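Observations on the three-dimensional arrangement
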Amino acid sequence: CSMKWWTDYHTKTEILFMKMIELPNDGLQGLKQNWSTDALSGFLVFLLALPLSLGIAKASGFPASAGVLTAIVGGLVVSFFAGSPLTIKGPAAGLITVCSGAISDLGSINPNEANGLQLACGAVFIMSLLQIALGYFKFGSLSDFFPPSAVHGMLAAIGLIIFSKQIHVLLGIDPSLLKDLTTVELFTLIPYSFTHADSRVTLVGLISLAIIFGMPLVNNTHAKKIPPPLAVLVVTIPMALIMDFKHTEPAFDLVQIGPFWTSFSFYPSFAAIGKFVFWKYVAMFLLINSLETLLTVKAIDGLDRFRRESNTNKDLSAVGIGNAVASILGGLPMISEVARSSANVNFGARTKWSNFFHGLFLLIAMLILIPAIEMIPNSALAALLISVGYKLASPREFYKSYKIGVEQLLIFVVTII
């Protein structure tokens, strides 16, 4: 009886709560109603997304601008098809290892016909068609069939791989020396990189890490409203100018973009479509991309103060459409990204237009601000990625799995290995 009373009470409370608040409108009416709050949130998310998109693209083996291209498509295109009102679409750290592996493995098949980047885009395009179909056939509950500990173990493994690569970049080691090395080899090289570190580059990286991990600890209302990646750029760009990173030889200390439209030259190739390795990466992209998207949608629904329930099937197809467009233009695969999406909620977003504005501000930046963007130190981007990797593989994730049960910790660790 007490359980029935509590259920009835909870239901009535929810209904009363929904009557007390007015749900934001969708479509053009929603834009008219909420443009100021959504534009502000979109601008703040843009400040977060720009450096992350650049860093994720570089770590994935794509041109830096390709990451921003994907985020632009995720905002300007996917917003009109999405089934989730508050998620931000863009490139994700969780796909870095798959992207870089696809470029390397596919590029070794038939280099005379197409390069690895074109073949990787081809695999993403095929994946996007399957993703659209999954949404159409209502596979939006796909994430329910996988043990959470296995999913978190997969993300933790990706976090460790990100750290193994980016720690060397933070220390100023030439990225060309790290190509084709395994994760274990990259970890064993860390002592070497510390002894051969560039002091200037390392200083920028360490200060970036201090800002990223230190700002959330500052007990100040105004400071908490500033996205740490923005603070990193404000501090490290002047440092790079003072230490004359621009004239370092070889030139790998600063982000290099060039004309934004050159990103569009990496059209997809299907020259390896008859090979097993091609379909292996199609399957890997599809599984990780779809799972991360669906898990993010569920997580953000829990943060939505309007208690809206997203259409996971529609959102999965929408991300598939975005992946198709991005792969045709030479961009990375995209997902509903959890860090940017949760920031979007915290910044006060109300509708899908916040995602649209985030893409619009990114497009404007790439059209008129590339000279300023090319002053960003790569070690600062490496610090941002290391912080993402830490969140994915922090000791807290191990402890959370242990608290659920020893068998869940076992699944978590086995997945990582």
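Predicted model only: the values in this text are computed from it and were never measured.

So, about the overall build of the chain. From N to C terminus, the chain includes 19 helices and 2 strands. Its C-alpha radius of gyration of 21 Å places the chain within 12% of the 22 Å reference for a compact globule of 417 residues. Here the C-alpha coordinates of the chain stretch approximately 70 × 55 × 50 Å along the principal axes. Considering the chain as a whole, with its 417 residues, one finds that 53% of them fall into the buried category. When contacts within the chain are restricted to residue pairs at least 6 apart in sequence, long-range pairs at least 24 apart make up 83% of them. Roughly 19,200 Å² of accessible area belongs to the chain as shown, and the carbon and sulfur atoms make up 69% of that amount. When the 27 basic and 24 acidic side-chain charges of the chain are each reduced to a single mean position, those positions are 8 Å apart.

What follows is about the nonpolar core. Of all hydrophobic cores here, the largest spans 58 residues; its most connected members are Leu 54, Ile 257, Leu 362, Met 366 and Ile 376. If one sorts the elements of this core by residue count, helix H2 (residues 27-60) sits on top with 8 residues. What Ile 376 contacts, discounting residues up to four positions off in sequence, is Leu 54, Leu 233, Ile 237, Asp 253, Leu 254, Val 255 and Leu 381. Counting residues in hydrophobic clusters, the runner-up holds 46 residues, among them Leu 95, Ala 102, Leu 294 and Leu 392.

Moving on: the pattern of salt bridges. Here the structure, examined in full by the defined rule, presents 5 salt bridges. With a shortest N-O distance of 3.2 Å, Arg 340 and Glu 337 are connected by a salt bridge. The exposure class of Glu 337 is buried, given its relative accessible area of 11%. Taking the shortest distance from any N to any O, the salt bridge between Glu 397 and Lys 400 comes out at 3.8 Å. Here Lys 400 and Glu 397 lie together in helix H18 (residues 395-404), a separation of 3 residues that amounts to about one turn. For Glu 397, a relative accessible area of 11% translates into the label buried.

Moving on, we get to the side chain of Ser 341. As for its placement among the helices and strands, Ser 341 is situated in helix H14 (residues 338-346). With relative accessibility at 0%, the residue Ser 341 sits in the buried group. Sequence-distant contacts of Ser 341, that is, excluding residues within four places in its chain, are made with Leu 86, Thr 87, Ile 88, Thr 296 and Ile 300.

So, on to unusual backbone geometry. Trans is the common state for peptide bonds, and a negative phi is the common state for residues other than glycine. Phi angles above zero are rare outside glycine, and Lys 138 is one such case at about 60°. Inspection of the secondary structure assignment puts Lys 138 in the loop between helix H5 (116-136) and helix H6 (148-170). Residue class for Lys 138 comes out exposed when judged on its relative accessible area of 62%.

This next bit is on helix H15 (residues 353-368). Its 16 residues give H15 an end-to-end C-alpha distance of 23 Å, which sits within 8% of 22 Å, the value for a rise of 1.5 Å per residue. Contacts made by the buried residues of H15 are with H2, helix H3 (64-76), strand E1 (88-90), H14 and helix H16 (370-373).

The subject of this paragraph is the environment of Phe 285. Position of Phe 285 among the secondary structure elements: in helix H12 (residues 276-303). Judged by relative accessible area, which is 1%, Phe 285 ranks as buried. Placed 65 residues apart in sequence, Phe 285 and Arg 350 show a C-alpha to C-alpha distance of 30 Å. Sequence-distant contacts of Phe 285, that is, excluding residues within four places in its chain, are made with Leu 95, Val 98, Cys 99, Ala 102, Ala 120, Ala 123, Val 124, Met 127, Ser 290 and Pro 333.

Definitions and cut-offs
- Every chain is numbered on its own, with residues counted from 1 as its sequence reads.
- Note on the predicted model: pLDDT of at least 70 is required for a residue's local features to be given, and 80 or more for side-chain atom pairs to be given and counted; whole-chain, interface and lining totals, by contrast, use all residues.
- Working from all heavy atoms in the structure, the side-chain values ignore hydrogens and water.
- For helices the rule is a DSSP run of H or I covering at least 4 residues; for strands it is a run of E covering at least 2, with both sets numbered from the N terminus onward.
- Radius of gyration: over C-alpha atoms. The globule rule applied is 2.2 Å multiplied by the number of residues raised to the 0.38 power.
- Each residue's exposure class comes from its accessible area (1.4 Å probe, protein chains only) as a fraction of the maximum for that residue type: buried when under 20%, exposed when over 50%, partly exposed otherwise.
- Here a residue-residue contact requires only that any non-hydrogen atoms of the pair lie within 4.5 Å.
- All accessible-area figures derive from a Shrake-Rupley calculation using a 1.4 Å probe, and residue coverage is judged against the displayed protein chains alone.
- A residue counts as positive if it is Lys or Arg and as negative if it is Asp or Glu; His and the chain ends are not included.
- The location of each charge is read from NZ of Lys, CZ of Arg, CG of Asp or CD of Glu.
- Joining through side-chain atoms within 4.5 Å is the link that ties buried Ala, Val, Leu, Ile, Met, Phe, Trp, Tyr and Cys residues into a set, and such a set is a nonpolar core.
- Within this document, salt bridges are pairs made up of a side-chain nitrogen of Lys or Arg and a carboxyl oxygen of Asp or Glu, the two lying within 4 Å of each other.
- A helix is expected to reach a length of 1.5 Å times the quantity of its residues less one.

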